[in-house]
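Summary of structural features
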Amino acid sequence: MNPTDQALIRQNALFKGMDFESFDYMLEHSIVRSLETGERLLQPEAQNHHLHLILDGSLNVYLIAQESQEHTSLRAGECVGEVSLIDGKYPSAIVVAAEPCRILSIPYDTVWSLINNSRTVTSNLLSILASRLRNDNKTIVDTQRSKSHFEHQASTDALTGVYNRHWMGKAFPRALQRCSHNKQPFAVMVVDIDHFKKINDTYGHLVGDLALKTVAKCMAENLRPHDLLARYGGEEFAVLLTEADLDAAKMVAERLRAKIAAAEIRSDDISFHVTLSIGITPTQHNEKLEHLIHEADQALYRAKQAGRNRVEVFH
Ligand SMILES: Nc1nc2c(ncn2[C@@H]2O[C@H](COP(=O)(O)OP(=O)(O)OP(=O)(O)O)[C@@H](O)[C@H]2O)c(=O)[nH]1
C-alpha cells in the first residue's frame with residue numbers, strides 16, 4: 001500500500017491516533033477492492049461483514065431507492081458500515097460508487113479486535129456514532145419541516161394566503177360535525193365580490209388580485225379565531241361561523257360587508273372600493289357541506305338580484 005493511502009487511513013475518524021502495531025495488523029487483514037461507477041457496495045438485502053474505507057473516489061448513500069435523491073455523499077478517507085458493525089444487522093441504506101473507487105475493506109473481526117485492544121479506536125467509534133445520531137436527528141427534523149411546509153402549501157391559496165377549497169373540503173365537515181355534536185348553532189356563509197369582472201376590466205388583473213388580497217385580509221381580521229375562512233372560487237369565499245345563531249351570523253356578515261365597503265383599495269394613483277354580496281344559511285344539524293353551500297349560494301343569488309352590497313339569509 002502506498003504512503004498516500006496510509007496517510008489517508010491514519011486520518012480517518014475511526015483510526016486516527018491508533019498505534020503502529022495495530023495499524024499494521026489491520027492492513028495485513030484487509031483487502032483493497034475497486035468499484036465501477038454505479039456499482040453497489042452495500043444494500044439492505046445483503047449482509048455486510050466489512051467496514052469499508054474509501055481510498056479514492058466517492059460513494060453515494062441512498063435511504064430509499066437508488067433513483068431517489070442521495071441522502072449523503074462520502075469522500076476519500078470516510079467509512080461506511082459502522083452501524084452494521086455494532087448491531088450485526090443488515091445495512092440500512094444503499095451505498096453506490098458515484099465514480100470509480102478504491103476501497104479498503106476491513107473484516108469486522110479485525111475491527112473488533114482493534115476496538116478491544118485500543119481505547120483510542122473505541123472512543124473514535126463512539127464519536128462517529130454520536131455524530132451519526134445528530135445527523136439523523138437533523139434529517140428527521142428537516143423532513144418534518146418540509147412535510148409541514150408542503151402540507152401548508154397544499155391547503156393554502158397562494159394569492160390571498162387564506163385556506164383553499166381543498167382544505168375547506170376537509171376542515172369544514174369536521175367542524176360541522178363537532179358543532180352539531182355539541183348542539184351548537186352554526187352558519188355557512190358564501191361571500192362574493194360584486195362586479196369583480198369590471199374591476200379586472202377597468203384596472204387590470206394585477207389590481208384585481210390586489211382587491212382579492214385586500215378582501216381576504218379584511219375578512220380574516222374581522223372573523224373570530226374559531227371561524228373558518230376559505231377561498232372557495234375566483235372571487236368567492238366561504239365562511240363557517242361556529243357557535244353562531246342566525247342573529248350572530250347576520251351581525252358578522254353585516255360587519256364584514258360594511259368593513260369591506262369602507263376599505264380603500266390603493267395601487268399607485270388608483271383608488272377604489274369594492275362591495276360584497278353575502279348569502280347565509282344557519283343550521284344546527286350536521287348536514288352535508290355541499291347542501292349548506294348550495295343553500296348559502298341561493299341566498300347569495302338573492303342578494304345579487306336585490307342590488308348587491310347586501311346580506312341575505314336562506315329560508
Ligand atoms: N384578478 C383576478 N381575477 C379573478 C381571479 N379569479 C377569478 N377572477 C375573475 O373574477 C371575475 C368574476 O366575474 P363574474 O363571475 O362574471 O362576476 P362579477 O363580475 O363579480 O359579477 P357579480 O358576481 O354578478 O357581481 C371573472 O372575470 C374572473 O376572471 C383572480 O385570481 N384574480
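Going by the structure above, here's the rest.
All figures in this text were calculated on a predicted structure; none of them were measured in a lab. (Residues numbered from 1 in each chain as written. Predicted model: local features only at pLDDT ≥ 70, side-chain atom pairs only at ≥ 80, totals over all residues. Heavy atoms only, no water.)

1. Some details on the sheet that holds strand β15 (residues 311–313)
Taking strand neighbours across the sheet as the criterion, the five strands line up as β10-β11-β9-β14-β15 in an open arrangement whose pairing is mixed. The strands lining the two open edges of the sheet, one partner per strand, are β10 (228–231) and β15. Strand after strand, the sheet turns through a mean of 20° between neighbouring axes, direction not considered. For strand β9 (residues 186–193) and strand β11 (residues 236–241), the ladder comprises six bridges, and the chain directions are antiparallel. Along β11, the bridge assignment pairs Ala 187 with Leu 241. Along the sheet, helix α9 (residues 246–262) makes contact with β9, β11, β14 (276–283) and β15, crossing β14 at roughly 165°. (Pairing = 2+ DSSP bridges. Helix = DSSP H or I, 4+ residues; strand = E, 2+ residues; numbered from the N terminus. Axes fitted to C-alpha atoms, helices over the stretch in contact; angles between N-to-C directions. Contact = heavy atoms within 4.5 Å.)

2. Details of the sheet that holds strand β6 (residues 79–80)
Read across the sheet, four strands follow the order β1-β8-β3-β6 without closing on themselves; strand pairing throughout is antiparallel. The outermost strands of the open sheet, each flanked by one partner alone, are β1 (31–35) and β6. Pairing of strand β3 (residues 50–56) with strand β8 (residues 101–107), which is carried by six bridges, proceeds in the antiparallel orientation. Across the sheet, His 52 pairs through a bridge with Ser 105, a residue of β8. Docked against the sheet, helix α1 (residues 3–11) engages β3 and β8, running at close to 125° with respect to β3.

3. What about the nonpolar core?
Among the nonpolar cores identified, the biggest contains 33 residues, and Met 189, Met 219, Phe 237, Leu 241, Val 274, Ile 278 and Ile 280 are the most heavily contacted of them. No other element matches helix α8 (residues 205–221), which puts seven residues into this core. Residues contacting Ile 278, with those up to four places away along its chain left out, are Met 189, Val 190, Val 191, Ala 253, Leu 256, Arg 257, Leu 300, Ala 303, Arg 310, Val 311 and Glu 312. Of all hydrophobic cores here, the second largest spans 22 residues; its members include Leu 53, Cys 79, Leu 85 and Leu 104. (Core = buried A, V, L, I, M, F, W, Y, C linked by side-chain atoms within 4.5 Å. Buried < 20%, exposed > 50% of the residue type's maximum accessible area, 1.4 Å probe, protein only.)

4. Things to note about the site of the ligand
Taken together, 17 residues are adjacent to the ligand, and His 195, Phe 196, Lys 197, Asp 209 and Arg 231 come closest. Asp 192 places a polar side-chain atom, nitrogen or oxygen, 3.1 Å from an oxygen atom of the ligand. For the shell around the ligand, the elements supplying multiple residues, two or more each, are β9, α7 (196–203) and α8. Residues belonging to the shell around the ligand are distributed by class as follows: four nonpolar, five polar and eight charged. (Near = heavy atom within 4 Å. Polar contact = N/O pair within 3.5 Å; in protein donor to acceptor, adjacent residues only side chain to side chain. Nonpolar A, V, L, I, M, F, W, Y, C, P; charged D, E, K, R; others polar.)

5. Digging into the layout of surface pockets
Of the voids in this model, the largest pocket is the one considered here, and its volume is about 900 Å³. For the lining of the largest pocket, the secondary structure elements donating two or more residues are β5 (72–75), β6, α3 (82–87) and α5 (119–155). Residues of the lining of the largest pocket, tallied by class, amount to 15 nonpolar, twelve polar and eight charged. (1 Å grid on protein atoms, 1.4 Å probe; cavity = no way out; pocket = protein on both sides within 12 Å on 5 of 7 lines; lining within 4 Å. Points joined across faces, edges and corners; volume = space filled by probe spheres on them.)

6. Here we look at the packing of α8 against α9
Interhelical geometry of α8 versus α9 gives an angle of 140° and a closest axis separation of 10 Å. One way to sum up the angle between α8 and α9 is to call them oblique. Every pair of crossing elements has a handedness; the one defined by α8 and α9 is right-handed. For the pair formed by α8 and α9, the contact residues are Val 215, Cys 218 and Met 219 on the first element and Leu 256, Lys 259 and Ile 260 on the second. For the contact of α8 with α9, the class distribution of residues is five nonpolar, no polar and one charged. (Parallel < 35°, antiparallel > 145°, perpendicular 65-115°, else oblique. Left-handed = near helix turned anticlockwise from the far one by under 90°.)

7. Quick word on α5
The end-to-end C-alpha distance of α5, which contains 37 residues, comes to 54 Å, matching closely the 54 Å that a straight helix rising 1.5 Å per residue would cover. In this structure, the buried residues of α5 make contact with α3, α4 (108–117) and α6 (165–181). One side-chain oxygen of the residue at the start of α5 lies 3.3 Å from the amide nitrogen of Thr 120, identifying that residue as Ser 118. (Expected span 1.5 Å × (residues − 1).)

8. A word on the packing of aromatic side chains
Going through the model one piece at a time under the given rule, you end up with three aromatic pairs. Taking 3.7 Å as the distance between ring centres and 10° as the angle between the ring planes, the aromatic pair formed by Tyr 163 and Trp 167 counts as stacked. A relative accessible area of 34% means that Tyr 163 is categorised as partly exposed. With relative accessibility at 15%, the residue Trp 167 sits in the buried group. Between Tyr 203 and Phe 272 the ring centres are 4.5 Å apart and the planes differ by 15°, which places this aromatic pair in the stacked class. With Tyr 203 in helix α7 and Phe 272 in strand β13 (residues 270–272), this residue pair connects regions lying 69 residues apart in the sequence. Taken together, the aromatic side chains of Tyr 163, Trp 167 and Phe 172 make up a single cluster linked through ring pairs. The ring of Phe 23 has Arg 10 sitting right over it, with the charged end atom 4.0 Å from the ring centre. (Phe/Tyr/Trp six-rings, centres within 6.5 Å; stacked < 30°, edge-to-face > 60°. Lys NZ or Arg CZ within 6 Å of the ring centre and 35° of its normal.)

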